[in-house]
Amino acid sequence: MTLQIQPIPSNWTSQVASLCYVLSQWDRDTWKDYLQAFPDFAAAIDIGEQRIKGWELFAEEMFHRLYTAPQPIPHDQLRPEALWGHVLHQLINESVDIGELQIACRNNKLAAGEATCKLCEWAIEKLPQPPRSFNPQKAEELEAEFVRLQTELTAREEAHKRLKLERQAETDSQRLAALQQQLEQLDFDVAGLKKAVQKIKTKMGRVDKAAQAFAEKIGEAMAEEIANAVYQALNRVYEQRMALIGFGWGDGLGTLKCPGTAQQKERVAQRLMSNQRFRQIAEAAGRFQAIAALRQGVKRSKQVPDQIADTSTGNDLAKLAPSELVRVALDAARTHFMKDFAEESLMQQEFDGSSDDGQQGPVVICLDKSGSMDGPNEVESTGLMLALVGIAQSQNRKARVILYDSQVRHVKDIDPLTASPADRLDLADRQYGGGTDFMKPLSEALDALDKHADLKEADVVFITDGEADVTESFSQKWREAQQRLNFKVYTLLVGSYVNTEVLDRFSDINIHVRDLSDPQVHQVFDI
């Protein structure tokens, strides 16, 4: 009898699916979907993988921990080459804000992805350079070779035992001689395999020591800064949430009757990550919309103070108590406001079927997009315009937006029942940069008010930082139209220049601020 041993392929490698934790297939698939939707972040992960093998797995585990598994299931035995990931995870575990971050990201793919992105960006930048002796790929190859040799050694030892038993029962001299020859060959093979296994174990020991040293180096180099990284990731999630509020998602206001698709939401989130101007506009829109909702709540509570039925906690901005206005308006308190918003722990008032007296009319917004508005004023004023659109939708009011510089550049109608986030996205995208003309956008607004019955009794918000003339004849025509159509004009003048004489020719209420961080801006939300 000749023993045939099937050799293990020399290219066999261990299938390393994760570093430190057991992951669900659902989270793996969700993570893949996220990376497909955000190719810039996927490319950054690839760069990290080039620096240290296993970085893709670490990012996937970080997403898993934030998305569905605040207490992930660890592997029974941690591989030495994964120690660096274990140390990073432990440092993150010890940060004071990790629990809050997990709450903010739970079952929210966009939030978990955003936080993972922020943490991985920080970690790969701060990660010490791995020593040349630390090579996860080499560790995997050694492990694969060790398993192959150990498997072959076991097979030959078992074959040796079977042949010995066969020899003991054999009586034929020629067959005994053949069996003896096979046993001697197996003895030789077993001895060689044992030496090879021992040699591999020695090499693995050296690699393991390098892995241990690298993990300790990470702990020393990154321990002090990890808490700040988690805090920044938490702020990034809150900023994303407030920015998405600016486009009508997740604010509890019911601001959009047609909230759009998940793909639209992802496209907006992509823009938030890749375009700084767009992100600043969206954050300003979310901030102003929260202030607007609170301002409207204050106005309503003043009108019907005896109809507050109860108080509760939540994050419905339309119901928040007036005291919360102070927190969202002040930079120092805004982070805590967003934290309580995420945890649905803001103080809100429950009204007993009360509503404002009468039906509010439409809103017409004229926004200056001239060259002088470039920079912070353009960003903030665009955010303010989006917030006004949002508050109009939440109140079931139609809105018309007129973008202008030296001429009317764009006009868009926002219907509260059919408008989608794409409409706000289109408005946020538009930049121009010419001179300034007041009468052309005002004429456009007047023409719309005069011809469209659904825009009668509107509130007009006129936003500018510039100087332009308004003739006496135009002013007279405008005032006559106001009496006939019953509309009011709020003018928001941004900057140091004030020409109240011109503004008084067409405006009922003038609000002058040096910049849009001035709380006086909030008067606009009284419309």
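Residues numbered from 1 in each chain as written. Predicted model: local features only at pLDDT ≥ 70, side-chain atom pairs only at ≥ 80, totals over all residues. Heavy atoms only, no water.

Novice: Quick question: what am I supposed to make of the overall build of the chain here?
Specialist: Secondary structure summary: the chain contains 18 helices and 10 strands in total. Every one of the 527 residues in the chain was classed for burial, and the buried ones make up 51%. Within the structure as shown, the chain displays about 24600 Å² of accessible surface, and the carbon and sulfur contribution to it stands at 48%. (Helix = DSSP H or I, 4+ residues; strand = E, 2+ residues; numbered from the N terminus. Buried < 20%, exposed > 50% of the residue type's maximum accessible area, 1.4 Å probe, protein only. Areas by Shrake-Rupley, 256 points an atom, 1.4 Å probe, with all protein chains shown as cover.)

Novice: Would you explain the nonpolar core in this entry?
Specialist: A general trend in soluble globular proteins is that nonpolar side chains are found buried together. If you look at the biggest cluster of nonpolar residues, it comprises 101 residues, and the most contacted ones within it are Phe41, Trp55, Trp84, Leu101, Leu127, Leu384 and Leu492. Ranked by the residues each element gives to this core, the list is headed by helix H6 (residues 109-126), at 10 residues. Discounting residues that sit within four places of it in the chain, Phe41 has contacts with Trp31, Tyr34, Leu35, Gly113, Thr116, Cys117 and Cys120. (Core = buried A, V, L, I, M, F, W, Y, C linked by side-chain atoms within 4.5 Å. Contact = heavy atoms within 4.5 Å.)

Novice: What should I look at first to understand the pairing of strand E7 (residues 408-414) in this one?
Specialist: Every other side chain in a regular strand lies on the same face of the sheet, so the side chains alternate between the two faces. Where strand E6 (residues 399-404) and E7 come together, six bridges link them in antiparallel fashion. Bridging from a neighbouring strand, Leu403 pairs with His410 of E7. The hairpin formed by E6 and E7 contains three residues between the paired strands. (Pairing = 2+ DSSP bridges.)

Novice: When you look at the packing of aromatic side chains in this model, what are you seeing that I'm missing?
Specialist: Each aromatic ring pair is characterised by the separation of its centres together with the angle its planes make. As enumerated under the stated definition, the model contains 16 aromatic pairs in all. Here Trp31 and Phe41 contribute two aromatic rings whose centre-to-centre distance is 5.9 Å and whose plane-to-plane angle is 80°, an arrangement assigned as edge-to-face. Residue Trp31 is found in helix H1 (residues 25-37), and its partner Phe41 is found in helix H2 (residues 39-51); the two are separated by 10 residues along the sequence. You'll find Trp31 and Phe41 in the same group, each marked buried. (Phe/Tyr/Trp six-rings, centres within 6.5 Å; stacked < 30°, edge-to-face > 60°.)

Novice: What exactly am I supposed to notice about empty space enclosed by the protein here?
Specialist: Gaps left between atoms show up when a probe the size of a water molecule is rolled over them. Enumeration according to the criterion identifies two cavities of 30 Å³ or more in this entry. Empty space within the second largest cavity amounts to approximately 40 Å³. Residue composition of the lining of the second largest cavity, by class: two nonpolar, three polar and three charged. (1 Å grid on protein atoms, 1.4 Å probe; cavity = no way out; pocket = protein on both sides within 12 Å on 5 of 7 lines; lining within 4 Å. Points joined across faces, edges and corners; volume = space filled by probe spheres on them. Nonpolar A, V, L, I, M, F, W, Y, C, P; charged D, E, K, R; others polar.)

Novice: Where do I start with the pattern of salt bridges in this structure?
Specialist: Two side chains carrying opposite charge are able to pair once their charged atoms lie near each other. For the structure on display, the rule yields 25 salt bridges. Taking the shortest distance from any N to any O, the salt bridge between Glu225 and Lys126 comes out at 3.3 Å. Here Glu225 is found in the loop between helix H8 (173-222) and helix H9 (226-245), whereas its partner Lys126 is found in helix H6, with 99 residues between them in sequence. Among the residues examined, Lys126 registers a relative accessible area of 32% and is labelled partly exposed. The salt bridge involving Glu145 is made with Arg148; its shortest N-O contact spans 2.9 Å. With Glu145 and Arg148 both in helix H7 (residues 136-169), this residue pair falls three residues apart, about one helical turn. You can call Arg148 buried: its relative accessible area is 17%. Through salt bridges that share partners, Glu145, Arg148, Glu152, Arg156 and Asp189 make up one connected network. (Salt bridge = Lys/Arg side-chain N within 4 Å of Asp/Glu carboxyl O.)

Novice: Whenever I open this one, the sheet that holds strand E9 (residues 488-494) confuses me. Can you help?
Specialist: Neighbouring strands of a sheet are bound in pairs by backbone hydrogen bonds; such pairs are parallel or else antiparallel. Taken in spatial order, the six strands line up as E7-E6-E5-E8-E9-E10 in an open sheet, and their pairing is mixed. Pairing within the sheet leaves two strands with one partner each, and these edge strands are E7 and strand E10 (509-513). The average undirected angle you get between the axes of adjacent strands in this sheet is 15°. (Axes fitted to C-alpha atoms, helices over the stretch in contact; angles between N-to-C directions.)

Novice: I'm lost on the packing of H1 against H2 in this one. Help?
Specialist: Put simply, H1 and H2 touch, their axes get as near as 5 Å, and they point 110° apart. On the basis of the axis angle, H1 is roughly perpendicular to H2. Residues Trp31, Tyr34, Leu35, Gln36 and Ala37 of H1 pack against Pro39, Phe41 and Ala42 of H2. Looking at the contact of H1 with H2 residue by residue, the class counts come to seven nonpolar, one polar and no charged. (Parallel < 35°, antiparallel > 145°, perpendicular 65-115°, else oblique.)

Novice: I keep staring at helix H16 (residues 439-451) and nothing clicks. Help me out?
Specialist: For an α-helix the count is 3.6 residues per turn, leaving residues at separations of three or four pointing the same way. When the terminal C-alpha atoms of H16 are compared, their 18 Å separation across 13 residues agrees well with the 18 Å that a helix rising 1.5 Å per residue should span. In this fold, the buried residues of H16 make contact with strand E5 (363-368), E6, E7, strand E8 (459-464) and helix H17 (472-485). (Expected span 1.5 Å × (residues − 1).)

Novice: Where do I start with the side chain of Ser370 in this structure?
Specialist: Looking at where Ser370 falls in the secondary structure, it is placed in the loop between E5 and helix H14 (376-394). A residue is classified by how much of its surface remains accessible, and Ser370, at 1% relative accessible area, is buried. Non-local contacts of Ser370, meaning those with residues more than four positions away in its chain, are made with Tyr404, Asp405, Gly433, Gly434, Gly435, Thr436 and Asp465.

Novice: What is the right way to look at the packing of helix H3 (residues 55-67) against helix H4 (residues 83-93) in this model?
Specialist: When two helices pack together, their arrangement is given by the angle between their axes and by how far apart the axes lie. Contact geometry for H3 and H4: axes closest at 11 Å, N-to-C directions at 30°. Classified by the angle between their axes, H3 and H4 sit roughly parallel to one another. Our pair here, H3 against H4, has a crossing hand that is right-handed. Across from Trp55, Phe58, Glu61, Met62 and Arg65 in H3, the residues of H4 making contact are Trp84, Gly85, Leu88, His89, Ile92 and Asn93. (Left-handed = near helix turned anticlockwise from the far one by under 90°.)

Novice: Got a minute to help me understand the environment of Asp172 in this structure?
Specialist: Considering the arrangement of structural elements, one finds Asp172 in the loop between H7 and H8. Residue Asp172 is classed as partly exposed on the basis of its relative accessible area, which comes to 37%. Separated by 3.2 Å, the side chain of Asp172 and the backbone nitrogen of Gln174 make a polar contact. (Polar contact = N/O pair within 3.5 Å; in protein donor to acceptor, adjacent residues only side chain to side chain.)

Novice: Before we go on, may I ask you to explain the pairing of E9 in this structure?
Specialist: E9 sits mainly inside the fold: six of its seven residues count as buried. As paired strands, E8 and E9 are joined by six bridges and run parallel to one another. In the strand pairing of E9, Thr464 is matched with Leu493. The parallel pair E8 and E9, bridged by H17, forms a crossover whose chirality is right-handed. (Right-handed = clockwise from strand over helix to strand, strands pointing away.)

Novice: Would you mind going over unusual backbone geometry with me for this structure?
Specialist: Glycine aside, a negative phi is what most residues show, and trans is what most peptide bonds show. At Asn396, a residue that is not glycine, the phi angle is positive and equals roughly 60°. For Asn396, the location among the structural elements is in the loop between H14 and E6. Assessed through its relative accessible area of 44%, Asn396 is described here as partly exposed.

Novice: Honestly, the side chain of Glu114 in this entry has me stumped. Any pointers?
Specialist: Tracing the backbone shows Glu114 in helix H6. Within the structure, the side chain of Glu114 is placed 2.8 Å from the side chain of Arg236, a separation counted as a polar contact.

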